[in-house]
Amino acid sequence: MAPVELRQLRYFVAVAEELNFGRAAERLLIAGPSLSQQIKALERDLGVRLFDRDRRKVSLTAAGAALLPHTRALLDRAEDLRHRAGRLSGSQSVRLGYVNWLPPDLMTRTAAVAQVHVDAWVAPSHTQAARVADGSLDLAVCWVRTDDLRRLGLRARLIGADRLYAVSRGGDSGDVPDVPARDADVLIDDDLTAWASWNVYGEELARATGARTVRISDGAITGPAFFDHVRRCTRPVVNSPKGQTSPLPPDLVRREIVAPKVYWTWSLVRRENEDRAGVLAVVDALCEDVGDLGIHAPDAWLPADDPYAIPG
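One numbering rule holds for all chains: residues counted from 1, following each sequence as written. Residue-level local features of this predicted model are given only where pLDDT is at least 70; pairs of side-chain atoms are given and counted only at 80 or more, and the full residue set underlies all totals for whole chains, interfaces and linings. Computation of side-chain values: all heavy atoms of the structure, hydrogens and water removed.

Visitor: I would appreciate a short explanation of the packing of helix H1 (residues 6-18) against helix H2 (residues 21-28) in the present structure.
Guide: If you want to describe how two helices pack, look at the angle between their axes and the distance between the axes. Only C-alpha atoms enter the line fits that serve as axes; for helices the fit covers just the stretch in contact. Angles between N-to-C directions range over 0 to 180 degrees. The way it works is that DSSP assigns letters per residue, a run of H or I at least four long becomes a helix, a run of E at least two long becomes a strand, and they are numbered from the N terminus. Relative orientation of the contacting elements H1 and H2 amounts to 130°, with a least axis distance of 8 Å. In terms of orientation, H1 and H2 fall into the oblique class. Crossing angle aside, the handedness with which H1 passes H2 is right-handed. Contact residues: H1 offers Arg10, Tyr11, Ala14, Val15, Glu17 and Glu18, while H2 offers Phe21, Arg23, Ala24, Arg27 and Leu28. Throughout this entry, Asp, Glu, Lys and Arg are counted as charged residues, while Ala, Val, Leu, Ile, Met, Phe, Trp, Tyr, Cys and Pro are counted as nonpolar. The remaining residues, Gly among them, count as polar. For the contact of H1 with H2, the class distribution of residues is six nonpolar, no polar and five charged. Convention used here: angles under 35 degrees read as roughly parallel, angles over 145 as roughly antiparallel, angles from 65 to 115 as roughly perpendicular, and any remaining angle as oblique. Put simply, a crossing is left-handed when the front helix is turned counterclockwise from the back one by less than a right angle, and right-handed when it is turned clockwise. It only takes one pair of heavy atoms within 4.5 Å for two residues to be counted as in contact.

Written as structure tokens, this is what we have:
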């Protein structure tokens, strides 16, 4: 019998749970044809057929159903081994990049498993993801799309999420009403070097909700110049995740965006083929207990290509 890879066993479990190759491929962040080929290779190596499949449905064979609980147990033992190795790898150095946000307790949570060195070069999401792919970084906290992960050969885990709000000129009364997303403006900057990720996000937000895009060329997605744009716009302006903690000038107010609530996700990305125990242990230490952070609420919005978006 040919050696069986843990990766193939994970694929088997995913297809067995989804009973749909397309959904399993999306969950695993691999192409559908590749998944089908890997399952066929596993069936060949094991010498049994695991699934019956036709154009309409996929079902487990008797052999597949019998092997499934043993496969899950084997994967659990492999995961436990990885965790144990991670706890022994505290001396390993891990390079981590970010855009503008990091978990406040990052060093506390990772101290026991690795020496995390936060890279001093703060760069946009697309740049940090590319640096992980080319080996310049081991991990990065950034915003990515499912397509980015496939194209760059990366894996992602949810590590944080920001609910975005709008900024507008203040009124005479103390009441600050919520603003429907369709009644907001989204700034789109001509500088793709700095704002490519935000532009992609903002344009999809506008298409999905009816918000209006406003093109600018001065880099004022955040900072004092952003507030100048707010003063010139007749509608509330969506803030970017880089402006989440910026204090507002006294003549401007924060307004909650509703219908839907708009979220920006932060991913911790690593290379798909990453096998160093220290790096994997850092990922687990930072992402294991994150939860869904509100992004799966019925009135929440994420871009369709966000890795954590639930297919409609």
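Having seen the model, we can carry on.
Visitor: What is the right way to read the packing of aromatic side chains from this model?
Guide: Each aromatic ring pair is described using two quantities: the centre-to-centre distance and the angle formed by the ring planes. Stacked, tilted and edge-to-face are the three classes applied to pairs of Phe, Tyr and Trp rings, where Trp contributes its six-membered ring and a pair requires centres within 6.5 Å; stacked means planes under 30 degrees apart, edge-to-face means over 60, and tilted covers the rest. Following the criterion strictly, the structure yields 11 aromatic pairs and no others. Here phenylalanine 12 and phenylalanine 51 contribute two aromatic rings whose centre-to-centre distance is 5.7 Å and whose plane-to-plane angle is 65°, an arrangement assigned as edge-to-face. Here phenylalanine 51 lies in strand E1 (residues 51-53) and phenylalanine 12 lies in helix H1, a separation of 39 residues in the sequence. Grouping residues by exposure puts phenylalanine 12 and phenylalanine 51 together as buried. Considering the side-chain rings of tryptophan 264 and tryptophan 266, the 5.8 Å spacing of their centres and the 65° angle between planes classify their relative orientation as edge-to-face. The buried label goes to any residue with under 20% of its type's maximum accessible area, the exposed label to any with over 50%, and the partly exposed label to all in between, with areas taken from a 1.4 Å probe on protein chains only. Judged by relative accessible area, which is 3%, tryptophan 264 ranks as buried. On the basis of relative accessibility, which here comes to 1%, the residue tryptophan 266 falls in the buried class. The structure contains a cluster of three or more aromatic residues connected by ring pairs, namely Trp101, Trp143, Trp198, Tyr201, Trp264, Trp266 and Trp301. Charge-over-ring placement is defined geometrically: NZ (Lys) or CZ (Arg) within 6 Å of the ring centre, and within 35 degrees of the ring normal. The ring of tyrosine 165 is capped by arginine 254, whose NZ or CZ atom sits 3.9 Å from the centre of that ring.

Visitor: Looking at this structure, I do not really get the pattern of salt bridges. What am I missing?
Guide: Close approach of charged atoms allows side chains of opposite charge to pair. Any Lys or Arg side-chain nitrogen found within 4 Å of a carboxyl oxygen on Asp or Glu counts as a salt bridge. Evaluation of the coordinates by the stated rule reveals 26 salt bridges. Across the pair arginine 235 and aspartate 185 runs a salt bridge, and its minimum N-O distance is 2.9 Å. A residue pair is termed long-range when its members are at least 10 positions apart, and arginine 235 in the loop between helix H9 (224-232) and strand E11 (237-238) and aspartate 185 in strand E9 (residues 185-189) qualify at 50 residues. Here arginine 235 falls in the partly exposed class, since its relative accessible area comes to 21%. Where aspartate 299 meets lysine 261, a salt bridge forms, and the shortest distance between an N and an O atom there is 3.4 Å.

Visitor: What is the right way to look at empty space enclosed by the protein in this model?
Guide: Any empty space left between the atoms is revealed when a probe the size of a water molecule rolls over them. Site definitions follow a grid-based scheme: protein atoms alone, a 1 Å grid, a 1.4 Å probe that fits but cannot get out for cavities, and for pockets an open set with protein on both sides within 12 Å along at least five of seven lines, plus lining residues having an atom within 4 Å of a point. Grid points are joined across faces, edges and corners, and a volume is the space filled by probe spheres set on the points. Per the counting criterion, the structure on display carries two cavities of 30 Å³ or more. Within this model, the largest cavity holds a volume of roughly 110 Å³. In terms of residues, the lining of the largest cavity owes the most to one element, helix H8 (residues 192-209), which gives four residues. Across the lining of the largest cavity, the residue classes break down as eight nonpolar, three polar and one charged. Taken as a whole, the second largest cavity holds about 60 Å³ of empty space. Lining the second largest cavity, in full, are Tyr165, Val167, Ile221, Thr222, Gly223, Phe226, Phe227, Asn239, Ser240, Gly243, Ser246 and Leu248. Elements with a contribution of two residues or more to the lining of the second largest cavity: strand E7 (165-169) and H9. Split into classes, the residues belonging to the lining of the second largest cavity amount to six nonpolar, six polar and no charged.

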